[in-house]
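Coordinate analysis (summary)
Chain by chain, the residues:
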Amino acid sequence: MDIQPRWVLKSFAELTTEELYQILQKRQDVFILEQNCHYPDLDDKDRQTLHLLGYVENKLIAYARLFPSGMLFENQASFGRVLVVKDSRRLKLGKKLVQEIIRVLEHDLKEKEIKIEAQLYLQKFYEEFGFIAEGKVFLDAGIDHIMMSKII
């Protein structure tokens, strides 16, 4: 079965309180509870980013926040807080989410390069999209990460 999420892109100001609540709840479920990371999820970056929400049957099942170039990295766009809720992972929506992230950054925001701090266990996943690992592995929130970049 090929599920096609309905993608919605919003600035922080455009998010409804219900959407914001759902985003924060999903991020807490995945990153803090499931991955057992203890870090400040509310880092003041949400107000400046774009939020990509993926819905299936009007249920939020996928999410990422997008950074235009100049926000995290001087000449590269970025993205983070990438998630698919646990009970929807069997639908293989992670690839569709990353494809949509890249599409938005390239076509809507006219970005030329993306740089991310990828969890190390996802390195091969991101390499499938043309990302190249850079530098050494580093620890963030108790999880090994690696910098990766992609020219788009």
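Let me begin by describing the structure that accompanies this report.

Basis of the calculations
Residues numbered from 1 in each chain as written. Predicted model: local features only at pLDDT ≥ 70, side-chain atom pairs only at ≥ 80, totals over all residues. Heavy atoms only, no water. Core = buried A, V, L, I, M, F, W, Y, C linked by side-chain atoms within 4.5 Å. Buried < 20%, exposed > 50% of the residue type's maximum accessible area, 1.4 Å probe, protein only. Helix = DSSP H or I, 4+ residues; strand = E, 2+ residues; numbered from the N terminus. Pairing = 2+ DSSP bridges. Axes fitted to C-alpha atoms, helices over the stretch in contact; angles between N-to-C directions. Contact = heavy atoms within 4.5 Å. Phe/Tyr/Trp six-rings, centres within 6.5 Å; stacked < 30°, edge-to-face > 60°.

Turning to the nonpolar core, a few remarks are in order. By size, the foremost hydrophobic cluster in this structure holds 38 residues, and its most contacted members are Leu66, Phe79, Ile101, Ile116, Tyr126 and Phe131. Elements supplying a minimum of two residues to this core: helix 1 (17-34), strand 2 (50-56), strand 3 (59-67), strand 4 (78-84), helix 2 (94-108), strand 5 (113-119), helix 3 (123-127) and strand 7 (143-151).

This brings us to the sheet that holds strand 2. Note on sheets: strands pair through backbone hydrogen bonds, and any given pair is parallel or antiparallel. What the 4 strands build is an open sheet, ordered 1-2-3-4; its pairing is antiparallel. In this open sheet, the two edge strands, each paired with only one partner strand, are strand 1 (6-11) and strand 4. Averaged over neighbouring strand pairs, the angle between their axes works out to 20° when direction is ignored. Two elements, strand 2 and strand 3, share 7 bridges in a ladder whose sense is antiparallel. Bridging across to strand 3, Leu50 finds its partner in Leu66. Across the sheet, helix 2 touches strand 1, strand 2, strand 3 and strand 4, and the angle it forms with strand 4 is around 155°.

By the definition in use, this model includes 5 aromatic pairs. Between the aromatic rings of Phe79 and Tyr126, the centroid separation amounts to 6.1 Å while the plane-to-plane angle is 55°, which identifies the pairing as tilted. You can see Phe79 sitting in strand 4 and its partner Tyr126 sitting in helix 3, a full 47 residues away along the chain. Each member of the pair Phe79 and Tyr126 is classed as buried.

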